[in-house]
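Below are the chains, spelled out letter by letter.
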Amino acid sequence: MLADNLIFLRNIKGLTQEQVAEVIGISRQSYSKWEQGETYPDIDKCDKLAKYYGVTIDSLVHQDNKVDDVKIAPAPIGKHLWGTVTIGSKGQIVIPKAARETFELNEGDRLVVLGDDAEGIALVKADVFEQRVQEALKLSRQMTNE
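What this report covers is the structure whose coordinates are included nearby. Keep in mind it's a predicted model, so treat the numbers as computed, not measured. (Residues numbered from 1 in each chain as written. Predicted model: local features only at pLDDT ≥ 70, side-chain atom pairs only at ≥ 80, totals over all residues. Heavy atoms only, no water.)

Points about the nonpolar core
Argument step 1. Ranked by size, the top nonpolar core spans 15 residues in total, and within it Leu 6, Val 20, Tyr 31, Leu 49, Tyr 53 and Leu 60 carry the most contacts.
Argument step 2. Breaking this core down by element, the ones donating at least two residues are helix H1 (2-13), helix H2 (17-24), helix H3 (28-36) and helix H4 (43-53).
Argument step 3. Aside from chain neighbours lying at most four places away, what touches Leu 6 is Tyr 31, Trp 34, Glu 35, Leu 49, Tyr 53 and Leu 60. (Core = buried A, V, L, I, M, F, W, Y, C linked by side-chain atoms within 4.5 Å. Buried < 20%, exposed > 50% of the residue type's maximum accessible area, 1.4 Å probe, protein only. Helix = DSSP H or I, 4+ residues; strand = E, 2+ residues; numbered from the N terminus. Contact = heavy atoms within 4.5 Å.)

Some points on the layout of surface pockets
Argument step 1. In this structure, the largest pocket occupies an estimated 800 Å³ of space.
Argument step 2. Lining the largest pocket are 20 residues, and of these Trp 82, Ile 95, Ala 99, Ala 122 and Leu 123 lie nearest its centre.
Argument step 3. Listing elements by their share of the lining of the largest pocket, those giving two or more residues are strand E3 (111-116) and strand E4 (120-125).
Argument step 4. For the lining of the largest pocket, the leading source of residues is E4, giving five residues.
Argument step 5. When the residues that make up the lining of the largest pocket are grouped by side-chain class, the tally is 15 nonpolar, four polar and one charged.
Argument step 6. Ranked by residues supplied to the lining of the second largest pocket, first place goes to H1 with three residues.
Argument step 7. In terms of residue class, the lining of the second largest pocket is built from nine nonpolar, one polar and two charged. (1 Å grid on protein atoms, 1.4 Å probe; cavity = no way out; pocket = protein on both sides within 12 Å on 5 of 7 lines; lining within 4 Å. Points joined across faces, edges and corners; volume = space filled by probe spheres on them. Nonpolar A, V, L, I, M, F, W, Y, C, P; charged D, E, K, R; others polar.)

Put into structure tokens, the structure is as follows:
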């Protein structure tokens, strides 16, 4: 998992092994061995790699995410991937339990469905969305009065 995650994360950033090795303070050959699974970085180097890529050490070392059968890189800190859902005949989906627990979603909670032609669909708790709209309106009024 670590070797695959290092390859995915490096490629996402569009970097060479040499560039990452330089940031971490090692040789390209040492870094190459990590990506090949021949050796493993010590905890200090794992910490530097995780911070550099914006992921947790745990996800760097252990995460084995897949969407269907396609393996993907660890998500950045604060981002999540819970897999796929299937849309029912009336457009309903079941939000994965881990997502409901993480965002404290309970039966009866209201969600705002947002969409972007290029980015897709997002769900936001209605009370959070409404609060942000009110804050934006307040700021807009303040700017108009200045």
